[in-house]
Amino acid sequence: MLKNNLYGLILAGGVGSRLWPISTKNCPKQFVDVLGDKESLIQKTYNRLDKFVEADQICFLTNENYTSQIISSLNLNNKKTIFEEPTMRNTAPALALASYKIFKKDPNAILLICPSDQLILNEKAFENAVNLAVNHLQNNEDLVTLGIQPDHPNTGYGYINYSSETFGIADVIKFTEKPNEQKAQEFLESGNYLWNAGIFLWKASYFVSLVEAYLPEIAQSFQENMDKLNTDAEKDYLAEAYPKFENISVDYAILEKCDNVKVIPVDMNWDDLGTFRAIEAHVASKDGNNTVINTKRFQSEKAENNFVFLDHQEDVLLVDVKDLAILKGNGKLVITSKEKLADLKNIAKKYDMN
């Protein structure tokens with residue numbers, strides 16, 4: 001068990017549109033068993049934190065449309081740990097809200113911010129990195145992120161340029177958005193870039209001070225209404241005030257302006273399961289290099305390199321087909337070539353099928 005002032009904050013408000021039709025606005029990917037192992041991504045995230053964070057200190061940042069799904073998927077009996085945005089205003093206002101709420105509850109709180117849709121297979125390495133960050137934050141006013149050691153030039157991830165390490169912690173030089181293939185290769189070869197996993201730790205009190213410095217209008221609103229936070233009056237206050245907050249990411253609002261950002265390089269067998277290609281990489285293939293998820297009975301004859309994903313178990317027979325993707329979810333059936341999977345999001349939007 002780590003320090004008892006550690007609070008887990010699971011980000012559970014995303015839509016995951018790149019995994020359409022398995023992930024939709026009504027049932028996004030964090031609530032889906034994307035690997036076919038009987039556990040949704042949000043269950044994996046919760047169970048990972050539950051090993052070293054007090055259960056009543058694992059909180060969820062989401063929008064009110066997903067509250068019931070969080071409660072049912074995790075059998076929660078404490079709705080007070082679910083922080084609801086009345087409308088989506090990007091990550092800066094959302095993380096400010098969570099930090100102010102937790103700061104009011106515990107002025108000594110340290111937040112561990114985790115996306116709800118990631119895979120971490122080496123959980124001990126993750127816990128060790130969190131422990132290192134928590135110990136560092138006991139005596140330092142910093143923002144700490146976990147950076148993943150890259151093993152290939154991935155253009156789908158953001159990158160962190162960092163300086164040399166001291167006791168496992170390094171200074172962040174800059175954050176870089178998703179690069180092109182050439183840049184990603186340069187980053188890999190340089191040896192001083194990490195993948196940005198979007199996992200952060202900070203003292204609630206320090207983040208509140210940064211909101212005051214860089215988002216003064218939001219800070220003023222929270223400060224003037226601290227008596228309403230964590231009470232029955234909070235919902236009406238947020239319904240009025242929150243839509244007026246600036247729609248801005250925490251990266252642009254704070255991270256890129258703050259000098260005290262550290263990174264802990266960690267090899268924890270991490271992946272962001274945001275694409276079908278990423279999912280396929282973590283599922284054992286059947287005969288003929290066919291990857292099937294959530295099938296009841298699967299048979300193939302002269303079928304090779306196909307990808308099948310069902311949201312409800314059914315028998316599947318593939319005959320004389322190659323390089324196909326067959327997806328069935330949320331009342332929608334899609335049959336396409338595997339190479340077109342990355343285009344599904346835009347094609348679905350074109351025909352208003354989201």
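Here, every reference points to the structure presented above.
So, here is what we can say about the structure in this document. (Residues numbered from 1 in each chain as written. Predicted model: local features only at pLDDT ≥ 70, side-chain atom pairs only at ≥ 80, totals over all residues. Heavy atoms only, no water.)

### Looking at the pattern of salt bridges
For step 1, the next point in the chain: Counted by the stated rule, this structure contains 16 salt bridges.
For step 2, the next point in the chain: The salt bridge partner of lysine 235 is glutamate 64, with a shortest N-O separation of 3.4 Å. Pair noted here: lysine 235 is in helix H8 (residues 234–241) and glutamate 64 is in the loop between strand S2 (58–63) and helix H2 (67–74), with a separation of 171 residues, a long-range link.
For step 3, the next point in the chain: You can call glutamate 64 partly exposed: its relative accessible area is 39%. (Salt bridge = Lys/Arg side-chain N within 4 Å of Asp/Glu carboxyl O. Helix = DSSP H or I, 4+ residues; strand = E, 2+ residues; numbered from the N terminus. Buried < 20%, exposed > 50% of the residue type's maximum accessible area, 1.4 Å probe, protein only.)

### Topic: the pairing of strand S4 (residues 110–115)
As a general feature of sheets, a regular strand has side chains that alternate between the two faces.
For step 1, the next point in the chain: Burial analysis of S4 places six of its six residues in the buried class, the great majority of the element.
For step 2, the next point in the chain: Two elements, strand S1 (residues 6–11) and S4, share six bridges in a ladder whose sense is parallel. Its bridge partner lying in S4, tyrosine 7 is registered against leucine 111.
For step 3, the next point in the chain: Where S4 meets strand S9 (residues 193–203), four bridges bridge the pair, whose relative direction is antiparallel. Among the inter-strand pairings, isoleucine 113 is bridged to a residue of S9, identified as phenylalanine 200. (Pairing = 2+ DSSP bridges.)

### Some details on the packing of helix H3 (residues 91–105) against helix H6 (residues 204–214)
For step 1, the next point in the chain: It is the contact of H3 with H6, at a shortest axis distance of 9 Å, that shows an interaxial angle of 130°. Taken together, the axis directions place H3 and H6 in an arrangement best described as oblique. In this structure, H3 crosses over H6, and the sense of that crossing is left-handed. Within the contact between the two elements, H3 uses Leu95, Ala96, Ser99, Tyr100 and Phe103 and H6 uses Ala204, Ser205, Phe207, Val208, Val211 and Glu212.
For step 2, the next point in the chain: Broken down by class, the residue content of the contact of H3 with H6 amounts to eight nonpolar, two polar and one charged. (Axes fitted to C-alpha atoms, helices over the stretch in contact; angles between N-to-C directions. Parallel < 35°, antiparallel > 145°, perpendicular 65-115°, else oblique. Left-handed = near helix turned anticlockwise from the far one by under 90°. Contact = heavy atoms within 4.5 Å. Nonpolar A, V, L, I, M, F, W, Y, C, P; charged D, E, K, R; others polar.)

### What about the layout of surface pockets?
For step 1, the next point in the chain: Volume-wise, the largest pocket comes out at about 1,500 Å³.
For step 2, the next point in the chain: Contributing to the lining of the largest pocket are 45 residues, with Leu11, Thr91, Pro115, Asp117 and Asp251 lying nearest its centre.
For step 3, the next point in the chain: Looking at the lining of the largest pocket, the elements that each hand over two or more residues are S2, H3, S4, strand S8 (170–176), S9, helix H9 (250–255) and strand S11 (270–272).
For step 4, the next point in the chain: Here the lining of the largest pocket gets four residues from one element, more than from any other, and that element is S9.
For step 5, the next point in the chain: Grouping the constituent residues of the lining of the largest pocket by class yields 17 nonpolar, 18 polar and 10 charged.
For step 6, the next point in the chain: Considering only enclosed or pocket space, the second largest pocket measures out at about 610 Å³ in volume.
For step 7, the next point in the chain: Every residue lining the second largest pocket is counted, 23 residues in all, and those nearest its centre are Lys79, Lys80, Ile82, Lys101 and Glu234.
For step 8, the next point in the chain: Listing elements by their share of the lining of the second largest pocket, those giving two or more residues are strand S3 (82–85), H3 and H8. (1 Å grid on protein atoms, 1.4 Å probe; cavity = no way out; pocket = protein on both sides within 12 Å on 5 of 7 lines; lining within 4 Å. Points joined across faces, edges and corners; volume = space filled by probe spheres on them.)

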